[in-house]
Structures are given as structure tokens and as C-alpha cells.
Amino acid sequence: MNETELIKQWEAEENFAFQGWDFSHLNGRWDSPETPWDYRAIVKSYLKDTDILLDMGTGGGEVLLSINHTHKNTYATEAYEPNYELCKKVLSPLGITVARTYTDENFNSDDTIPFDDNFFDVVINRHESFDLPEVDRVLKRGGYFITQQVGGRNFIEYEQKLNDNFTMQNKNPAHTIENYTNTLAGLGYKILKTEEVQYPVKFYDVGALVFYAKIIAWGFPGFSVKTHQGKLFDCQREIIEKGFLQGTGHRFYFVAQKK
């Protein structure tokens, strides 16, 4: 395949429609292992049928629906407009309450949860930003905050390959399991469970990386096939030589109870 054909292929990946939080388009094109823990099982172990549940940043509601909580007791927030519209079509008819939150063009969120104080028994959050005082505001005493987060070392090798002037200083130094759990402990929470893992991630074609970089735009600011062709061809040469691009996945989770 010549360079012109490769660029056309990468541009097709750049423009591929993405909705919800569904990465099945990358099946067979990357190797991104599952975490050693089962997020859904962890959530279910703290959830009673009568509990009022909030899922922050629900995406397309895929994970929330798999938890299969009582729909009338289930609430969700989502900032990304296409996903919010999808949730209104998929979740709202089931009786799940969906509320819109907002982020600015730099992916900074005001982290405001549009619900009353002391409203939820369980607040869950998978790969969504959050403000701990705001979570604390809406959570009842005795309630649980359960979150799985993408760690600061996640995909740094790919960011180094594609981002100009990449440094670890660009990362959020406060985004660590230690910082969050220490803050929660200071708010009087009991930390019930924590775990953290780093693992190898491989991309087997450059188009797959292009697709990912366009979705995770906050990790690859300013990225496009047009402006990053030289870097993409460097990646192409590495794949020809090694058979893949090697990177690191980083995840952590914790469960905290409000006392």
C-alpha cells in the first residue's frame, strides 16, 4: 500500500462514526487486556434493589445497563451531546433518568451534578472526571462512591509518539489513587477497597491508533491525519519492523463509604 492509500485509509478512520462508548471497531486490531477486577461485580456487591443509583458520565449507557439496576431508581449524567441524545433514546424509555452535564472546548468540566443534596445511595463513575466535594454533596450518609479511573501513565507512549513537546508535566499530578483516597479519608470516608494495575497495550495498525486518538481527543490535543502525517508514518515504519506499537494501560479503582 503506497503513502496516498495509507493516508486515505487513516482519514477514513479519523471520520469513522463513534457513538456511545463502543470500541468494537478495534476488535482484532489492538490488544487491550481487561482489568484483573470486575467493575460490574464490584458495583453490584454494594447495590441493593431499593438503592438510588447515579452513574456519572454514562457514555451510551452500556455499562449501566449491564449492571441491571431497578430502572426507576437509576439516574445517569452525560456531557457529550451525541451520547446524551443516545441515552435519551435508549435509557429514558426504560424509566432511567438522564441529565445533561457540560464540558468546555478544552474538556474541562464544572463537575456539577444536577441533583439534590443527599439524594443517592450509590454513586458510580467509570472513566469520568469528578469533583469529590460535589460527589459528597449528593451522596447520602452510609452511601458508597465507586469509581474506576484511567491512570496518569495510560498510553503515554502513544502520546509521546503523536503529541508535540510531550512531557509528564502535562499530566494532572493530582489524578492518583493516593490523592483521592487521602482526600476522602479527610472528608470522613472509610476506604473499603483499592487496586491499581499497569499492563501492556498493543496496536497492530496505524488506522486503529488514529481512530482511538480522535475519540480520546483530550489525550491527543490538535491531532489530525493532515497535521500529523509525519508522526503517523513513523508509527507505520515501527509496525512494519516490529508488528505492533507497544504502550502501557493504567487503571485504578476504589470504593469509599460516607460515614
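Residues numbered from 1 in each chain as written. Predicted model: local features only at pLDDT ≥ 70, side-chain atom pairs only at ≥ 80, totals over all residues. Heavy atoms only, no water.

Student: Can you walk me through the overall build of the protein in this structure?
Tutor: Scanning the protein for helices and strands turns up 9 helices and 8 strands. Against the compact-globule benchmark of 18 Å for 259 residues, the protein has a radius of gyration of 19 Å, which places it among compact chains. Along the three orthogonal principal directions, the C-alpha set of the protein runs to about 60 × 40 × 30 Å. As presented, the protein carries roughly 12,900 Å² of accessible surface, and 47% of it is formed by carbon and sulfur atoms. With 27 positive and 37 negative side-chain charges, the protein shows a spacing of 4 Å between the two charge centroids. (Helix = DSSP H or I, 4+ residues; strand = E, 2+ residues; numbered from the N terminus. Rg over C-alpha atoms; globule rule 2.2 N^0.38 Å. Areas by Shrake-Rupley, 256 points an atom, 1.4 Å probe, with all protein chains shown as cover. Lys, Arg positive; Asp, Glu negative; His and termini not counted. Charge placed at Lys NZ, Arg CZ, Asp CG, Glu CD.)

Student: Is there a simple way to think about the side chain of Gln 148 in this case?
Tutor: Checked against the element boundaries, Gln 148 lands in strand β6 (residues 139-150). Among all residues touching Gln 148, those that are not within four sequence positions of it are Thr 35, Trp 37, Tyr 39, Asn 125, Arg 126, His 127, Arg 251, Phe 252 and Tyr 253. (Contact = heavy atoms within 4.5 Å.)

Student: What is the right way to read the packing of helix α8 (residues 206-215) against helix α9 (residues 229-242) from this model?
Tutor: Pairs of packed helices are described in terms of their axes, by the angle between the two and the distance that separates them. Relative to each other, α8 and α9 sit at 135 degrees, their axes nearing to 9 Å. The angle between α8 and α9 falls in the class oblique. For the pair α8 and α9, contact is made by Val 206, Leu 209 and Val 210 and by Leu 232, Cys 235, Gln 236 and Ile 239, respectively. A per-class count over the contact of α8 with α9 returns 6 nonpolar, 1 polar and no charged. (Axes fitted to C-alpha atoms, helices over the stretch in contact; angles between N-to-C directions. Parallel < 35°, antiparallel > 145°, perpendicular 65-115°, else oblique. Nonpolar A, V, L, I, M, F, W, Y, C, P; charged D, E, K, R; others polar.)

Student: Just checking my understanding: could you explain the side chain of Asn 125 for this structure?
Tutor: As for its placement among the helices and strands, Asn 125 is situated in strand β5 (residues 120-126). Judged by its relative accessible area of 0%, Asn 125 falls in the buried class. Here Glu 128 takes part through its backbone nitrogen, which lies 3.1 Å from a polar atom of the side chain of Asn 125. (Buried < 20%, exposed > 50% of the residue type's maximum accessible area, 1.4 Å probe, protein only. Polar contact = N/O pair within 3.5 Å; in protein donor to acceptor, adjacent residues only side chain to side chain.)

Student: Can you help me understand a nonpolar patch on the surface in this one?
Tutor: Taken together, the side chains of Leu 65, Val 90 and Leu 94 define a hydrophobic patch exposed on the protein surface, amounting to about 200 Å² of accessible area. Mapped onto the secondary structure, Leu 65 falls in helix α3 (residues 62-67). According to the relative accessible area criterion, Leu 65 is partly exposed, its value standing at 31%. (Patch = residues over 30% accessible without salt bridge, like charges linked within 9 Å, V, L, I, M, F, W, Y side chains within 5 Å. Salt bridge = Lys/Arg side-chain N within 4 Å of Asp/Glu carboxyl O.)

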